[in-house]
Each structure stands twice: as C-alpha cells, then as structure tokens.
Amino acid sequence: DGAVLASDGYFRILGRVDDVINVAGHRLGTKELESVCLMVPEVAEAAVVPVMEEVKGRMPEIYVALKPGFAPSKEIEAKVVAAIETHIGKIARPKNVHIVPDMPKTRSGKLMRRVLASISNQLDTGDISTLANPGVVTSIREQVQGRKAA
C-alpha cells in the first residue's frame, strides 16, 4: 500500500500501488476504481480485475455486490460506469459491470480477486475449498460465462 503524510500530520492511504491495470498505456489503480464504485449509493462491495482485450491489451472488469434492499438492474450498472467516467475518465470505462449476489471471500473476510480474475478471463479458478462461501463461485461463473462454461 502507498501513503502520503498530509500537511495536517495525518497519513492518507492511497491504495495498492502495485495492483494496476495497464489500459492502452494508462496505468489505472484497482483500489481507486473500487473506491469510485463505492460512491454509488446502492453498492456495498466492489472488486476490479483485469480482463484481456484485443485492442487495449487489458481492461477493468467490475464486480459489485449491492446493499440489502436493492435488486440488480441495468440502471445500477450504468451508475457505476458513469461514476468511473466522471471521477477517473473515459479511459477507465470497464469492459463489463457484473452485479453479483456475494463476493468470494476467505474465512477472514479477504476478498479473493484472483478467483474473479480467473472467471473473467475464462481460466481455472484453482483451489476454492478454503473460501468461506465457495458456492458463490459457481453462481458468479454461470452469470459471467453462461451455464455451459460452468
């Protein structure tokens, strides 16, 4: 993680400095993209992973879980994209926004981005037996890749 010492004497956490997505020569921090997603009132959790793309090389793909009482909709997906374009820029526009029922997490609550990246890039997710909620991986894979791929 990176941080700066502000003029008021407090440290400001900037995010993961080594976790970036190179989109057409622009380095985008995944933590910054996730923070913008969380500005959308309906979004409870967000994860950004790189997905391969023919022209740009890599693009961000976004997974969001909603707060209780909200149902997935195209409007919420559009709000997430609009927030990214407004706060970061059009270069950061995600390839896809997936609204998922829950995020794959370890028992300690750490979000497993590698599992989401594997699903987005049509790769094997590897060992998921240590996840607190391994059943959600199948649900997400079917949503992103379709039932045949699962």
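Here, residues in each chain are numbered from 1, in the same order as that chain's written sequence. Note on the predicted model: pLDDT of at least 70 is required for a residue's local features to be given, and 80 or more for side-chain atom pairs to be given and counted; whole-chain, interface and lining totals, by contrast, use all residues. Only hydrogens and water are set aside when side-chain values are computed; all heavy atoms of the structure are taken into account.

K.L.:
I would appreciate a short explanation of the nonpolar core in the present structure.
P.N.:
When a protein is soluble and globular, its nonpolar side chains tend to lie buried together. Among the nonpolar cores identified, the biggest contains 20 residues, and L33, C37, V43, I62, V64, V80 and I84 are the most heavily contacted of them. Listed by contribution, the elements that provide at least two residues to this core are β3 (20-23), α1 (30-37), β5 (43-53), β6 (57-66), α2 (74-87) and β7 (96-99). Not counting residues up to four positions away in its chain, the partners in contact with I84 are L33, V36, C37, I62, G89, A92, R93 and P94. Joining through side-chain atoms within 4.5 Å is the link that ties buried Ala, Val, Leu, Ile, Met, Phe, Trp, Tyr and Cys residues into a set, and such a set is a nonpolar core. Buried residues are those whose accessible area, probed at 1.4 Å on protein chains only, stays under 20% of the maximum for their type, while exposed residues exceed 50% and partly exposed ones sit between those limits. Counting residues in each nonpolar core, the second largest holds 17 residues, with V49, Y63, M103 and V136 among its members. The helix count covers DSSP runs of H or I at least four residues long, the strand count covers runs of E at least two residues long, and both are numbered beginning at the N terminus. Residues are treated as being in contact if the distance between any of their heavy atoms lies within 4.5 Å.

K.L.:
Would you take a moment to explain helix α3 (residues 113-120) for this structure?
P.N.:
The periodicity of an α-helix, 3.6 residues per turn, causes residues three or four positions apart to be oriented the same way. In terms of burial, α3 is a largely internal element, six of the eight residues being buried. Residues V115, L116, A117, S118, I119 and S120 constitute the buried set of α3. Summarising the contacts, the buried residues of α3 are in contact with β5, β6 and α4 (135-145). After α3 finishes, the residue Q122 shows a positive phi value of roughly 60°.

K.L.:
Sorry, what's going on with α4 here?
P.N.:
The complete set of buried residues in α4 reads V136, V137, I140 and R141. Projected down its long axis, α4 carries its buried residues within an arc of 135°, all on one side. Contact partners of the buried residues in α4: β6 and α3. Positioned one or two residues after α4, G146 has a phi angle of 95°, which is positive. What the arc describes is the spread of directions from the helix axis to the C-beta atoms.

K.L.:
Just checking my understanding: could you explain the pairing of β5 for this structure?
P.N.:
Within a regular beta strand, the side chains point alternately toward one face of the sheet and then the other, so they alternate between its two faces. In this analysis, strands are considered paired if DSSP registers two or more bridges between them. Pairing analysis gives 10 bridges linking β5 to β6, with the strands arranged antiparallel. Directly across from A46, in β6, lies its bridge partner V64. From the end of β5 to the start of β6, which pair antiparallel, there are three residues.

K.L.:
For this particular structure, what's the right way to read the pattern of salt bridges?
P.N.:
Pairing between side chains of opposite charge can happen when their charged atoms approach one another. Salt bridges are identified by distance alone: a Lys or Arg side-chain nitrogen within 4 Å of an Asp or Glu carboxyl oxygen. Applying the stated rule across the entire model yields seven salt bridges. Between E85 and R93 there is a salt bridge; the shortest N-O distance is 2.4 Å. With a shortest N-O distance of 3.9 Å, K105 and D102 are connected by a salt bridge. One network of salt bridges, with partners in common, ties together E45, D102 and K105.

K.L.:
For this particular structure, what's the right way to read unusual backbone geometry?
P.N.:
Most peptide bonds are trans, and most residues other than glycine sit at a negative phi. In this structure, Q122 takes a positive phi of about 60° despite not being glycine. Relative to the assigned elements, Q122 resides in the loop between α3 and α4.

K.L.:
Just to check I follow, could you spell out the pairing of β7 for this structure?
P.N.:
In this sheet, β7 lies alongside β6 in parallel orientation, the contact comprising four bridges. Directly across from E61, in β7, lies its bridge partner N96.

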